[in-house]
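# Residue-level structure breakdown
Chain by chain, the residues run as shown.
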2 protein chains.
Amino acid sequence: MKTAVSPTRAEDFPEWYQQVVAEGDLAVNSPVRGCMIIRPNGYGIWERIQKLLNDRIMETGHENLYFPLFIPLSFIGKEAQHVEGFAKEMAVVTHHRLKMIDGELKPDPESKLAEPLVVRPTSETIIGHHFRECAKSWRDLPLLWNQWANVVRWEMRTRLFLRTAEFLWQEGHTAHATGEEAREETMRMLEVYRTFAESVLAMPVIAGEKPAHERFPGAENTFSIEAMMQDGKALQAGTSHYLGTHFSTAQDIKYQNKEGELSYCHTASWGVSTRLIGGVIMTHGDDDGMRIPPRIAPKHVVILPILRDVPEDEAVKAYCESVAADLRAQSYAGEPVRVKVDLRDGRAVDKRWAWIKRGAPVICEIGGRDVASGNITFYRRDKLRDGEKLAVQSQPRAQFASGMPALLAEVQAELFTDAKKRLDANIVRDIRSMDELKAFFAPKEGENAENAFRGWLLVPWKRPEGAEGERILETLKQMKLTTRNIPLGQQGKPESPCIFTGHPADEMVLIARSY
Amino acid sequence: MKTAVSPTRAEDFPEWYQQVVAEGDLAVNSPVRGCMIIRPNGYGIWERIQKLLNDRIMETGHENLYFPLFIPLSFIGKEAQHVEGFAKEMAVVTHHRLKMIDGELKPDPESKLAEPLVVRPTSETIIGHHFRECAKSWRDLPLLWNQWANVVRWEMRTRLFLRTAEFLWQEGHTAHATGEEAREETMRMLEVYRTFAESVLAMPVIAGEKPAHERFPGAENTFSIEAMMQDGKALQAGTSHYLGTHFSTAQDIKYQNKEGELSYCHTASWGVSTRLIGGVIMTHGDDDGMRIPPRIAPKHVVILPILRDVPEDEAVKAYCESVAADLRAQSYAGEPVRVKVDLRDGRAVDKRWAWIKRGAPVICEIGGRDVASGNITFYRRDKLRDGEKLAVQSQPRAQFASGMPALLAEVQAELFTDAKKRLDANIVRDIRSMDELKAFFAPKEGENAENAFRGWLLVPWKRPEGAEGERILETLKQMKLTTRNIPLGQQGKPESPCIFTGHPADEMVLIARSY
């Protein structure tokens, strides 16, 4: 069967991903190393994510602020002294002027900054500085701040959306009077991420705590949501950290409590990024390209008039606009249905395939025959094929418009159900020894190891410590495996012992290959 | 009279501005030179501006994309060769890693970039690069792109919102097959800015063309909207440029036309920034602080429960929440009324003044007596005072809620009307000589020249050229005056001669002090 994207997922998943991103008008590489250009379809998804996640962030009592792009080097230096495992790959601004020198534009040596500035890799330190300015008394707390911004982390190996030098994200930073409140905040936002991923992105996730060696540097606890991609790998899709008084001690963030004493704030932070778009692609994309869940689709319905350069074209266009108006009068998930009538020049069949690859949930093709019959001919992107053929449908226009909210809700629900089935079916829970684990991930004969679907393991373990811990992590690393998280809501301790050490196990931990 | 902000506008306008920004929770200076922290009230205004302007940008057929923060130095170098008056004050990234050297964190010498990167001062060149990739055939045109982003221009003297090293903006960049289409685009977006400023920001403006010496470097024509601040100075609030084939030639942006020949695109660009917030403050603020037009107010109505640490407080809170729910069920300008019940600890009178200085359009104070009578006690921020006293109002709650949309519409309209009257009354049109011009702007006895209101002049001139032009500009500069723009829609040529040269005049030009 000829698919719209080549190679298929089964043939070469990484290359399939690159093709879906390119053909789906989602993003392209830019001439700046590691930085992407987010194309209209990709940015439209990000705008939907921003709006719907922002609504949830506001509903939980947070405020949006905007902090500087640059961080003074001394701020970073202070953090570096306090934080082990501190990453140092950052873009550093050292000059503030260009000058033509010998006919060439260069940084003007006379404009060298007394103190270099770092392009924010995260805003912990600069926001901490403002916490210190604002948290005077217990009356000022909690401070519940969020920022939507671009950040930069110099990466050697980049991949569109998944790992780029510059990416877009939101970062929440909160300061509280007590550890209990800060912990509640950490878990509240993890739950916001979990429900957002599932109900909006249609992307099922496992929420849990990261093992100590995967914590955010300086955090007391780090929690994540983990999603399963169609190649069986895990994608960390969001994190929420309880930072204790670690950052407030380093930055001297104190408040006067009700008893009049100075006390350190307890802080938390949480974030998701444009990486989510990579997750959506690898959760829902198929061999014909992108499939966008309706909640985050820039357009729900794309209408393609079939024009033949004849006077009757005008009637076709008018019909399309009138159908679009009917659809826009309908409401899905609390907002008007989003419709585009694509009047660009080009062959109708080319435009159809372009929108299929872009993943618009519903694609209509309207020609003179439809106008005459009062019908709508359309494709559902999530159920595009009937065998090798396209599954074309037809409905009277009134029925099509009035049924659109229910149709979109069905698409959203089915995309989630399919992904949830895949997740549930591919978490293996009965591995009880290292030999079984090794056998599970070992390449099979004739298999392309790079592209083999394996899924995840949920295994009993004792939280590793010291040299024994190092050895366990090294063993996993050699197999290109990582611990993902310790799922929340575990009832009691496992009966079986730790598969790594044979010690009595504390809990079950997820093991997987990952992005 | 004691005002909430000190000094008053009449006493010291620049200092009044700083105080309104600080006390209004709009922005504060950050520890990073020239960069601001945008506080929740200021960022909330920006979010409203983003949403409502973005709607208009989408309605006119544009798409949002996102381009890299960094521009390779060679791109800038190419532009510098083509553009006179090219500004060189930019943040330059030269290293990509930090390293602990002798116990101090420093840029790692081994991480020096082969080619420095510039933090975008504008994205013309990188977007031009992508135009080149996308504009293959006439079928691909027009390309109508917009970006919401942060940009950096190293500024020596900064002022919150008005001139900061980093600011937020939108930049539209479009590529067209013909000059006619690109010119139409330029004027369309100027008109979008004009109507947006007037109907959304309640800020009347004069739209016109910038004289040659004030053009964007490389532009064929630059147009602006100019707003009059309450100190009589002009603020350039938005610009729209027709760039001809200047940038497409420099960047080799060609398309194949219908005849199969390669032809240069005609490009346009247009932008507004967080500077608009400064304009709104200086248009609508009064001696009690900020006044936010309802269309861009983060909250329309703020409800302050008067609590006395008694059991009856619960009934007061419940009443407030119930009034808030009634208000949210009302719709103003196509969206639900935005309400905040402020339950923070603190004295009611302090909270009242905090919200007055923040400029919330309607502020309610609800105590036990209101609950008993079923009334609402409130202030209109735009008509706060009755003489020296606060103009407190009271209404039955049902009437208050149902009347809110009309009340907000009235506030919006009256803020605009007041500002429009000020603008119209202070454009002086009968100056006919340089002596009259000098007398108009000369300081009067006993007057603080820095703070003296003057307004604008609309005078006849001949577009200055060559040495004569230089001399005119120098004369104006010495008087701290600038040419603002040549208002659109002038009927015929002025009868009086150019006031600078005595030559027959081409048109009327606006002269003013400016930000």
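Along every chain, residues carry numbers that run from 1 in the direction the sequence is written. Chains carry letters from A onward and ligands carry numbers from 1 onward, assigned in written order. Residue-level local features of this predicted model are given only where pLDDT is at least 70; pairs of side-chain atoms are given and counted only at 80 or more, and the full residue set underlies all totals for whole chains, interfaces and linings. As a convention, hydrogens and water are excluded, and side-chain values are obtained from all of the structure's heavy atoms.

## Considering the overall build of chain A
The following threshold applies: Helix and strand assignments come from DSSP, with helices taken as H or I runs of at least 4 residues and strands as E runs of at least 2, each series counted from the N terminus. The globule rule used for comparison is 2.2 Å times the number of residues to the exponent 0.38, while the radius of gyration itself is calculated over C-alpha atoms. The contact criterion used is simple: two residues touch if any of their non-hydrogen atoms lie within 4.5 Å. In this description, accessible areas are obtained by the Shrake-Rupley approach with a 1.4 Å probe, and a residue is regarded as covered only by the protein chains that are shown.
Broken down by element type, chain A carries 13 helices and 30 strands. In terms of overall dimensions, chain A is globule-like: its C-alpha atoms have a radius of gyration of 26 Å, near the 24 Å expected for 515 residues. A principal-axis box enclosing the C-alpha atoms of chain A has dimensions of 80 × 65 × 60 Å. Across chain A, the fraction of contacts at a sequence separation of at least 24, relative to all contacts at a separation of at least 6, is 71%. Put simply, chain A shows about 21,000 Å² of open surface, and 48% of that area lies on carbon and sulfur atoms.

## So, the sheet that holds strand β27 (residues 456-461) of chain A
Residue and element names in this part refer to chain A. Selection rule: Here the rule is simple: two strands pair whenever DSSP picks up at least two bridges between them.
Strands sit in the order β26-β27-β30-β28 across an open sheet of four strands; the sheet is mixed. In this open sheet, the two strands that pair with only one neighbour each are β26 (427-428) and β28 (482-483). Note that β26 and β27 share two bridges and pair parallel. In the sheet register, Ile427 faces β27, and the bridge partner there is Trp456.

## A few points about the side chain of Arg120 of chain A
Secondary-structure assignment places Arg120 of chain A in the loop between β8 (112-119) and α4 (124-134). Here Arg120 of chain A is in contact with Tyr66, Phe67, Pro68, Leu69, Ile71, Gln147, Ala149, Asn150, Val151 and Val152 of chain A together with Asn150 and Glu166 of chain B, once residues within four sequence places are set aside.

## A closer look at the confidence of the model for chain A
Here is the rule we go by: One number per residue, pLDDT, summarises how confident the predictor is, and it ranges from 0 to 100.
Confidence in the prediction for chain A averages 95 pLDDT; 99% of positions are at 70 or higher. Per the prediction output, this complex has pTM 0.97; the corresponding ipTM is 0.97.

## Some words on the interface of chain A and chain B
So the rule is basically this: The buried area of a pairing is the accessible area, by a 1.4 Å probe, that goes missing from both parts when the two are put together, added over both. We define a salt bridge as a contact between a side-chain nitrogen of Lys or Arg and a carboxyl oxygen of Asp or Glu at a distance within 4 Å.
Taken together, the contact pairs 69 residues of chain A with 69 residues of chain B. Carbon and sulfur atoms supply 67% of the area buried between chain A and chain B, which totals about 5,700 Å² over both sides. The largest share of the area that chain A buries against chain B comes from Tyr66, His96 and Leu98 of chain A, three residues that together contribute 12% of it. Taken together, chain A and chain B are joined by two salt bridges.

## Re helix α12 (residues 434-441) of chain A
All names here are of chain A. In plain terms, the rule: To sort residues, take the accessible area from a 1.4 Å probe on protein chains only and compare it with the maximum for the residue type: under 20% means buried, over 50% means exposed, and anything in between is partly exposed. Directions pointing from the helix axis toward each C-beta atom define the arc.
Buried residues of α12: Met434, Leu437, Phe440 and Phe441, and no others. Projected down its long axis, α12 shows its buried positions confined to an angular sector of 120°, all on one face. What points out from α12, more than 90 degrees from its buried face, is the exposed set Asp435 and Ala439. Of the surrounding secondary structure, the elements contacted by the buried residues of α12 are β26, β27, α13 (466-478) and β30 (507-512).

## Quick notes on the packing of aromatic side chains
Just so we agree on the cut-off: Only rings of Phe, Tyr and Trp enter the pairing, Trp through its six-membered ring, and a pair is recorded when the two centres are within 6.5 Å. The plane angle decides the type: under 30 degrees is stacked, over 60 is edge-to-face, the rest tilted. Note on geometry: a ring has a charge over it if NZ (lysine) or CZ (arginine) is within 6 Å of the ring centre and within 35 degrees of the ring normal.
The tally for this structure, following the rule as stated, stands at 22 aromatic pairs over all chains. With a centroid separation of 6.4 Å and 65° between ring planes, the pair formed by Trp461 of chain A and Phe500 of chain A is classed as edge-to-face. Of this pair, Trp461 of chain A sits in strand β27 while Phe500 of chain A sits in the loop between β29 (486-487) and β30, and the two are 39 residues apart along the sequence. Assessed through its relative accessible area of 1%, Trp461 of chain A is described here as buried. The interplanar angle of 80° and the centroid separation of 4.9 Å between the aromatic rings of Phe440 of chain B and Phe441 of chain B together place this pair among those described as edge-to-face. On the basis of relative accessibility, which here comes to 4%, the residue Phe441 of chain B falls in the buried class. Three or more aromatic residues joined by ring pairs form one cluster here, namely Phe67, Phe131 and Trp145 of chain A. One Lys or Arg, Lys258 of chain A, reaches over the ring of Trp138 of chain A and ends 4.5 Å from the middle of that ring. The ring of Tyr319 of chain B has Arg397 of chain B sitting right over it, with the charged end atom 5.1 Å from the ring centre.

## Some points on the packing of helix α8 (residues 313-328) of chain B against helix α11 (residues 397-425) of chain B
Residue and element names in this part refer to chain B. Inclusion rule: Here, axes are lines fitted to C-alpha atoms. For helices the fit covers the stretch in contact, and angles between N-to-C directions go from 0 to 180 degrees. Working rule for handedness: look at the near helix, and if it is turned counterclockwise from the far one by less than a right angle, call the crossing left-handed; if clockwise, right-handed.
Here α8 crosses α11 at 35°, and the two axes come no closer than 9 Å. The interaxial crossing formed by α8 with α11 has right-handed handedness. Each of Tyr319, Ser322, Val323, Asp326 and Leu327 in α8 lies in contact with α11, whose residues at this interface are Arg397, Phe400, Ala401 and Met404.

## Some thoughts on the relation of the copies chain A and chain B
Keep this limit in mind: The atoms used to superpose the copies are C-alpha atoms, taken from residues with pLDDT of at least 70 in both, and the fit is least squares.
It takes a turn of 180° to lay chain A on chain B, together with a shift of 0.0 Å along the axis; the resulting RMSD is 0.0 Å. Such a combination of turn and shift is consistent with a two-fold rotation axis. For chain A, the minimum C-alpha distance to the rotation axis belongs to Val93 of chain A and amounts to 2.1 Å. Taken as a fraction of all interface residues of chain A, those also at the interface in chain B reach 100%, which identifies the copy contact as same-surface.

## Things to note about the nonpolar core
Quick note on the threshold: Here, nonpolar core means buried Ala, Val, Leu, Ile, Met, Phe, Trp, Tyr and Cys residues that are tied together by side-chain atoms lying within 4.5 Å of each other.
The biggest cluster of nonpolar side chains holds 76 residues, and the ones touching the most others in it are Phe70, Val93 and Val119 of chain A together with Phe70, Val93 and Val119 of chain B. Ignoring anything within four residues of it in the chain, the contact list for Val93 of chain A reads Phe70, Leu113, Pro116, Leu117 and Val119 of chain A together with Ala91, Val92, Val93 and Val119 of chain B.

## Regarding the sheet that holds strand β17 (residues 301-305) of chain B
Residue and element names in this part refer to chain B. Taken in spatial order, the five strands line up as β20-β17-β21-β22-β25 in an open sheet, and their pairing is mixed. One side of each edge strand has no neighbouring strand; the edge strands of this open sheet are β20 (339-341) and β25 (393-396). Each strand axis lies, on average, 25° off the axis of its neighbour in the sheet, ignoring direction. Pairing analysis gives four bridges linking strand β21 (residues 362-366) to strand β22 (residues 375-380), with the strands arranged antiparallel. The residue bridging Val362 from the neighbouring strand is Arg380, located in β22.

## So, the environment of Ala87 of chain A
Mapped onto the fold, Ala87 of chain A is located in the loop between α3 (73-82) and β5 (92-95). Sequence-wise, Ala87 of chain A and Glu59 of chain A are 28 residues apart; in three dimensions their C-alpha atoms are separated by 33 Å.

## Observations concerning the environment of Ala442 of chain A
Residues and elements named next belong to chain A. Along the chain, Ala442 turns up in the loop between α12 and β27. As for Ala442 and Leu473, which are separated by 31 residues in sequence, their C-alpha atoms are 18 Å apart. Each residue touching Ala442, except ones within four places of it in the same chain, is listed here: Glu447 and Arg454.

## Looking at the packing of helix α1 (residues 13-23) of chain A against helix α7 (residues 275-284) of chain A
All names here are of chain A. Just so we agree on the cut-off: Orientation labels follow simple angle bins: below 35 degrees gives roughly parallel, above 145 gives roughly antiparallel, 65 to 115 gives roughly perpendicular, and whatever is left gives oblique.
Contact geometry of α1 with α7 gives a least axis separation of 11 Å together with a crossing angle of 115°. As judged from the angle between their axes, α1 and α7 are roughly perpendicular. Judged by the sense of rotation from one axis to the other, the crossing of α1 with α7 is right-handed. Contact residues: Phe13, Trp16, Tyr17, Val20 and Val21 in α1; Gly278, Ile281 and Met282 in α7.

## Structural notes on α11 of chain B
All names here are of chain B. Put simply, the rule reads: One less than the number of residues in a helix, times 1.5 Å, gives the span that helix is expected to have. Across the chain, bend at a residue is computed as the angle between axes fitted to the seven residues ending at that point and the seven starting from it.
In this model α11 runs 40 Å from its N-terminal to its C-terminal C-alpha over 29 residues, within 8% of the 42 Å that 1.5 Å per residue would give. The largest bend along α11 measures about 55° and falls at Met404, with the proline Pro405 one to four residues further on. If you check which residues of α11 are buried, you get Phe400, Ala401, Met404, Pro405, Leu407, Leu408, Val411, Gln412, Leu415, Ala419 and Leu423.

## A closer look at the pairing of β27 of chain A
Residue and element names in this part refer to chain A. By the criterion of burial, β27 is predominantly enclosed, with six of the six residues buried. Burial of β27 is two-sided: the residues Trp456, Leu458 and Pro460 facing one way and the residues Leu457, Val459 and Trp461 facing the other way are all buried. Judged from the five bridges that link them, β27 and β30 form a sheet pairing that is antiparallel. Looking at the pairing, Val459 lines up with Val509 of β30.

## Quick notes on the environment of Thr3 of chain B
Residue and element names in this part refer to chain B. The following threshold applies: We define a polar contact as two N or O atoms separated by no more than 3.5 Å, with the added condition that, inside protein, one atom must be a possible hydrogen donor and the other a possible acceptor, whereas residues neighbouring each other in sequence contribute only through side-chain atom pairs.
Looking at where Thr3 falls in the secondary structure, it is placed in the segment before α1 (13-23). In sequence terms Thr3 and Gly289 are 286 residues apart; their C-alpha atoms lie 8.7 Å from each other. The contacts of Thr3, once residues within four sequence positions are left out, are Thr8, Asp287, Asp288 and Arg385. Within the structure, the side chain of Thr3 is placed 2.8 Å from the backbone oxygen of Val5, a separation counted as a polar contact.

## So, the state of the cysteines
This is how the line gets drawn: Here, a disulfide means two cysteine sulfur atoms that sit within 2.5 Å of each other.
The full count for this structure, using the stated rule, is zero disulfides over all chains. Cys134 of chain B supplies the cysteine sulfur nearest to Cys35 of chain A, a cysteine that is in no disulfide, at a spacing of 18 Å. The buried category is assigned to Cys35 of chain A, whose relative accessible area is 1%. Cysteine Cys320 of chain B is unpaired, with the sulfur of Cys364 of chain B as its nearest cysteine sulfur at 8.4 Å.

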